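# Topology and contacts: notes
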Amino acid sequence: MSGGPDYDLSGKVALVTGAGRYIGRGVAEALARRGAKVAVNDIHIDRAAQTADAIGADAQAFAADICDVEAVGAMVADIEKSLGPVDILVNNAGIPDAGFPPKPFREMEVDEWHKFIDLNLYGTMYATRAVLDGMCERKWGRIIIISSEAWRTGTNFGISLYGAAKAGALGFMRHLAAEVGPDGVTANAVALGIMDNLPGIDALTRHNPVARAGSPEDVAAAVIYLASSEASWVTGQTIPVNGGQITF
Ligand SMILES: NC(=O)c1ccc[n+]([C@@H]2O[C@H](COP(=O)([O-])OP(=O)(O)OC[C@H]3O[C@@H](n4cnc5c(N)ncnc54)[C@H](O)[C@@H]3O)[C@@H](O)[C@H]2O)c1
């Protein structure tokens, strides 16, 4: 049988932020399997190099702190020189490098708020800004945000700033989609549920219809779709990838 979607990404260059491990790594590997050349970013060069080595010749490691606007600009210039202009940006870095100890809002100092907003909101904007003009000029581009169902569900887990930052990035994405749609650039997100790296997942997934936690491969499948030419009529959307944990 022929004529169906093949989600072929050959000839495309993808940048995945925070791709040194887990979800970002799984997404980078899947993009490469579909034929893309992949720029593997991480704040830790050793992690980025491990992912790039695992992928092989189609990947290259680029260290940069996504919260540093100048470092992001310099990294994108390096990627363009080595691999070519970025066609697909996956804004994956979202868990602060300094760790993520859950803390009730009333116990947080104002200084502690910034690490969530800086990475998920400003970091996403810095990376997007650095690749967007080229995408619009070439009339093809994909901006994808890795979000969390914490954007729309309140919990008592001590992740209020994380939820706020994730929701903010989705607001940005929707307006961006409206602005750059006429230039052939789409902007979308995937909102993840309980992932299999979290502690106590058996209890957390008990009421989840699929009755298991998510994996990087589950996330990568949705990202590949959004990155593909087949998804050119899908923009401004947030796709829940959550095992049915939330169904509206
Ligand atoms: N793991 C989950 O349970 C879960 C659930 C929902 C959503 N998410 C989202 O998925 C994405 C990936 O999460 P993960 O669990 O794979 O995280 P992770 O911490 O396992 O990996 C993230 C990588 O990002 C890198 N990084 C951190 N700060 C950076 C910065 N400033 N610049 C560049 N790189 C940086 C880290 O070094 C690390 O290698 C995040 O956006 C997260 O919010 C994760």
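The paragraphs below set out a description of the structure included in this document. (Residues numbered from 1 in each chain as written. Predicted model: local features only at pLDDT ≥ 70, side-chain atom pairs only at ≥ 80, totals over all residues. Heavy atoms only, no water.)

## Topic: the overall build of the protein chain
Stated precisely, the cut-off is as follows: Numbered from the N terminus, helices here are DSSP runs of H or I no shorter than four residues, and strands are runs of E no shorter than two. For the exposure calls, accessible area comes from a 1.4 Å probe over protein chains only, and a residue counts as buried if that area is under 20% of its type's maximum, exposed if over 50%, partly exposed in between. Note on contacts: a residue pair is in contact if any heavy atoms of the two residues lie within 4.5 Å. Residue exposure ignores everything except the shown protein chains as possible cover, and the areas themselves are Shrake-Rupley values with a 1.4 Å probe. The charged-residue count follows a simple rule in which Lys and Arg add positive charge and Asp and Glu add negative charge, with His and chain termini not counted at all. A charged residue contributes its charge at one atom only: NZ of Lys, CZ of Arg, CG of Asp or CD of Glu.
Helices and strands together make up the secondary structure of the protein chain, namely 7 helices and 7 strands. The order of α-helices and β-strands along the protein chain, N terminus first, is β-α-β-α-β-α-β-α-β-α-β-α-α-β. Projected onto its principal axes, the C-alpha coordinates of the protein chain cover approximately 45 × 45 × 35 Å. By the burial criterion, 46% of the 248 residues in the protein chain qualify as buried. In the protein chain, once contacts between residues fewer than 6 apart in sequence are set aside, the share between residues at least 24 apart is 69%. Carbon and sulfur atoms make up 54% of the accessible area of the protein chain, which totals about 11900 Å². Once the 20 positive and 29 negative side-chain charges of the protein chain are each reduced to a mean point, those two points are 4 Å apart.

## Quick word on a nonpolar patch on the surface
Worth spelling out the cut-off: What makes a patch is a set of residues exposed beyond 30% relative accessible area and free of salt bridges, joined within 9 Å when like-charged and within 5 Å when nonpolar (Val, Leu, Ile, Met, Phe, Trp, Tyr). Salt bridges are counted wherever a side-chain nitrogen of Lys or Arg sits within 4 Å of a carboxyl oxygen of Asp or Glu.
Together, Phe 157, Leu 198 and Leu 204 make up an exposed nonpolar region whose accessible area comes to about 260 Å². With respect to the element layout, Leu 198 can be found in the loop between β6 (185–192) and α6 (201–204). Residue Leu 198 is classed as partly exposed on the basis of its relative accessible area, which comes to 37%.

## Structural notes on the site of the ligand
Just so we agree on the cut-off: Any residue with a heavy atom lying within 4 Å of a molecule or strand is counted as near it. Any N or O atom pair separated by 3.5 Å or less is treated as a polar contact, with the protein-specific requirement of one donor-capable and one acceptor-capable atom, and with residues adjacent in sequence counted only for side-chain atom pairs. The residue classification treats Ala, Val, Leu, Ile, Met, Phe, Trp, Tyr, Cys and Pro as nonpolar and Asp, Glu, Lys and Arg as charged. All others, Gly included, are polar.
Around the ligand, the surrounding shell holds 28 residues, and the nearest of these are Asp 42, Arg 47, Asp 65, Asn 92 and Tyr 162. Asn 197 places a polar side-chain atom, nitrogen or oxygen, 3.1 Å from a nitrogen atom of the ligand. For the ligand, whose accessible area on its own is 840 Å², the fraction buried by protein is 95%. Elements that contribute at least two residues to the shell around the ligand include exactly α1 (22–33), β2 (37–42), β5 (141–148) and α5 (160–180). Element by element, the count of residues in the shell around the ligand is highest for β5, at 3 residues. Considered class by class, the residues forming the shell around the ligand number 13 nonpolar, 9 polar and 6 charged.

## Regarding the packing of aromatic side chains
As a reminder of what qualifies: The criterion for an aromatic pair is that two Phe, Tyr or Trp rings (for Trp, the six-membered ring) have centres within 6.5 Å, with stacked assigned to planes under 30 degrees apart, edge-to-face to planes over 60 apart and tilted to the rest. Two limits define a charge over a ring: the Lys NZ or Arg CZ must be within 6 Å of the ring centre, and within 35 degrees of the ring normal.
What the rule picks out here adds up to 5 aromatic pairs. Each ring, one from Phe 100 and one from Tyr 162, has its centre 4.9 Å from the other, and the planes form 55°; the classification is tilted. Taken together, the positions of Phe 100 in the loop between β4 (88–91) and α4 (110–138) and Tyr 162 in helix α5 put the pair 62 residues apart, joining distant regions of the chain. Here Phe 105 and Trp 113 contribute two aromatic rings whose centre-to-centre distance is 5.4 Å and whose plane-to-plane angle is 25°, an arrangement assigned as stacked. The cationic tip of Arg 142 hangs over the ring face of Trp 140; the distance from NZ or CZ to the ring centre is 4.2 Å. Here the guanidinium or amino end of Arg 152 rests over the ring plane of Phe 248, the centre of that ring lying 5.0 Å away.

## Things to note about the pairing of β6
Note the following rule: Orient the strands so they point away from the viewer, and a crossover whose first-strand-to-second-strand path over the helix runs clockwise is right-handed. For two strands to be treated as a pair, DSSP must find at least two bridges joining them.
β6 sits mainly inside the fold: 8 of its 8 residues count as buried. Once the chain exits β5 it traverses α5 before rejoining the sheet at β6, and the crossover so formed is right-handed. Sheet analysis places β6 next to strand β7 (residues 238–241), joined by 4 bridges and oriented parallel. When the bridges of β7 are listed, Leu 192 appears paired with Val 241.

## Some remarks on the pattern of salt bridges
Under the definition given, this model contains 8 salt bridges. Here Arg 138 and Asp 87 are joined by a salt bridge, their closest N and O atoms 3.7 Å apart. Of this pair, Arg 138 sits in helix α4 while Asp 87 sits in the loop between α3 (69–82) and β4; the two residues are 51 residues apart in sequence, bridging distant segments of the chain. Of the residues examined, Arg 138 reaches a relative accessible area of 35% and is grouped as partly exposed. Taking the shortest distance from any N to any O, the salt bridge between Arg 152 and Glu 149 comes out at 2.8 Å. Overall, Arg 152 belongs to the partly exposed group, its relative accessible area being 25%.

## So, α3
Threshold: One less than the number of residues in a helix, times 1.5 Å, gives the span that helix is expected to have. Summarising the geometry, the arc corresponds to the directions from the helix axis toward the C-beta atoms.
Given a rise of 1.5 Å per residue, 14 residues ought to cover 20 Å, and the 20 Å separating the end C-alpha atoms of α3 matches this to within 8%. When α3 is considered as a whole, its buried residues turn out to be Val 72, Met 75, Val 76 and Ile 79. End-on, the buried residues of α3 take up no more than an arc of 100°, which puts them together on one face. Turned more than 90 degrees away from the buried face of α3 sit Glu 70 and Lys 81, all of them exposed. Along its buried surface, α3 packs onto β1 (13–16), β2, β3 (59–63) and α4. The N-capping residue of α3, defined by a side-chain oxygen 3.1 Å from the backbone nitrogen of Glu 70, is Asp 68. Where α3 terminates, the next one or two residues include Gly 84, which has phi positive at roughly 115°.

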